[in-house]
Amino acid sequence: MPVPSSDHNQTDNSWKSQAPYKQPSKEPPFTAVHIGHCHCGRIKFQIGRDAPLDAKLCHCRTCQVLHGAPFQWAAILHKEDMRFVHGVIGLKFYSSGRNVAEHELPCKVSCAYCGSPIMDEGRNMALIFPELIEFKDEEQMGKFAARCHMFYKERVVDIQDDLPKWAGMPKESELMRVGSSL
Ligand SMILES: [Zn+2]
Ligand SMILES: [Zn+2]
C-alpha cells in the first residue's frame, strides 16, 4: 500500500464508512428499534437495540461546560448498535482532550447546524444522549433510565434519589454517602 511520505497531515478517513457513520441503507441487517434526531432535525440516527448496556448521569465539570447543563445523561452502546442516517454529513466533532475541532477519539459529536450534543464517541462505544430519542412510551424510556451518578463530587445540584453516587468514575472511586437512602 503506497504511503505518501511528504504529507504528515495525511488523515485516515476509514472511520467515515464504519459504525455509527455507515449508512443504514447500505447494509440490510440493521434494524432500527429507536430513532432520534437533533433539535433542527438535520441529524437523524437509529439505534438497533432495545436497551443500552448502561446509563449514567455525569456531573463532571467538562460535561457541565460542554452541555451548558448541571449534568449529562448518557446511555452506553456499542458503536455497531447505532447508525447516522446521513453518515457524517452535518456532524461536528470536538476532541475535548486536545481542544481541537477534529474527529480524534474520544470526541464529542454534535449537529453542526443547531449545536445539539448527540453523543460522546469512544473507540468502541458511543455514549449517546437519550433526550434526542423519540421514545414510543414511558416503558421504552425507562430502559434508558440512569443507573448511577458519576463525578458526583463535582455536582452543582444535589439529587434526591436512590441511585449510587460515585465521587468520580463508577466502581473506581468512593461511593458518596448522600441521597435519601444512605
Ligand atoms: Zn440540528
Ligand atoms: Zn462528565
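Note that the structure is a prediction, hence the values are computed from the model and not measured. (Residues numbered from 1 in each chain as written. Chains lettered and ligands numbered in written order. Predicted model: local features only at pLDDT ≥ 70, side-chain atom pairs only at ≥ 80, totals over all residues. Heavy atoms only, no water.)

## A few points about the coordination of the zinc ion (ligand 2)
Okay, so step 1: Protein ligation of the zinc ion (ligand 2) involves Cys-58 (SG), Cys-60 (SG) and Cys-63 (SG), the donor distances falling in the range 2.1 to 2.3 Å.
Okay, so step 2: Donor residues binding the zinc ion (ligand 2) come from one chain and are separated in sequence as C-x1-C-x2-C. Each member of the pair, Cys-58 together with Cys-63, is buried. (Donors = N, O, S within 2.8 Å, 3.2 Å for Na, K, Ca; no water. Buried < 20%, exposed > 50% of the residue type's maximum accessible area, 1.4 Å probe, protein only.)

## A look at the side chain of Ser-116
Okay, so step 1: For Ser-116, the position within the fold is in the loop between strand S7 (107-111) and strand S8 (117-121).
Okay, so step 2: Here His-39 takes part through its backbone nitrogen, which lies 3.1 Å from a polar atom of the side chain of Ser-116.
Okay, so step 3: What Ser-116 contacts, discounting residues up to four positions off in sequence, is Cys-38, His-39, Ser-110 and Cys-111. (Helix = DSSP H or I, 4+ residues; strand = E, 2+ residues; numbered from the N terminus. Polar contact = N/O pair within 3.5 Å; in protein donor to acceptor, adjacent residues only side chain to side chain. Contact = heavy atoms within 4.5 Å.)

## Focus: the sheet that holds strand S1 (residues 34-37)
Okay, so step 1: The three strands lie next to each other as S1-S2-S5, forming an open sheet whose pairing is antiparallel. Edge positions in the open sheet fall to S1 and strand S5 (82-84), since each of these has one partner strand only. Ignoring strand direction, the axes of neighbouring strands in this sheet form an average angle of 20°.
Okay, so step 2: Bridge count between S1 and strand S2 (residues 44-47): four bridges; the pairing is antiparallel. The partner of His-34 across the bridge, within S2, is Ile-47. (Pairing = 2+ DSSP bridges. Axes fitted to C-alpha atoms, helices over the stretch in contact; angles between N-to-C directions.)

## Notes on the pattern of salt bridges
Oppositely charged side chains may form a pair once their charged atoms are brought near each other.
Okay, so step 1: Tallied over the entire structure, the rule returns twelve salt bridges.
Okay, so step 2: Note that Asp-158 and Arg-155 form a salt bridge whose closest N and O atoms lie 2.6 Å from each other.
Okay, so step 3: Take Arg-155: its relative accessible area is 26%, and that puts it in the partly exposed class.
Okay, so step 4: In this structure, a network of salt bridges that share partners links the residues Lys-22, Glu-80 and Arg-83. (Salt bridge = Lys/Arg side-chain N within 4 Å of Asp/Glu carboxyl O.)

## Here we look at the coordination of the zinc ion (ligand 1)
Okay, so step 1: Binding of the zinc ion (ligand 1) to the protein goes through Cys-38 (SG), Cys-40 (SG), Cys-111 (SG) and Cys-114 (SG), at separations of 2.3 to 2.4 Å.
Okay, so step 2: Summarised as a motif, the one-chain spacing of the donors to the zinc ion (ligand 1) is C-x1-C-x70-C-x2-C. Residue Cys-38 is found in the loop between S1 and S2, and its partner Cys-111 is found in strand S7; the two are separated by 73 residues along the sequence.

## Some words on the nonpolar core
Okay, so step 1: Counting residues in hydrophobic clusters, the biggest one holds 29 residues, and the most contacted among them are Tyr-21, Phe-45, Phe-84, Leu-91, Ile-118, Met-119 and Ile-128.
Okay, so step 2: Elements supplying a minimum of two residues to this core: S2, strand S3 (54-58), strand S4 (72-78), S5, strand S6 (91-94), S7, S8 and strand S9 (125-128).
Okay, so step 3: Broken down by element, the residue count for this core peaks at four residues, all from S4. (Core = buried A, V, L, I, M, F, W, Y, C linked by side-chain atoms within 4.5 Å.)

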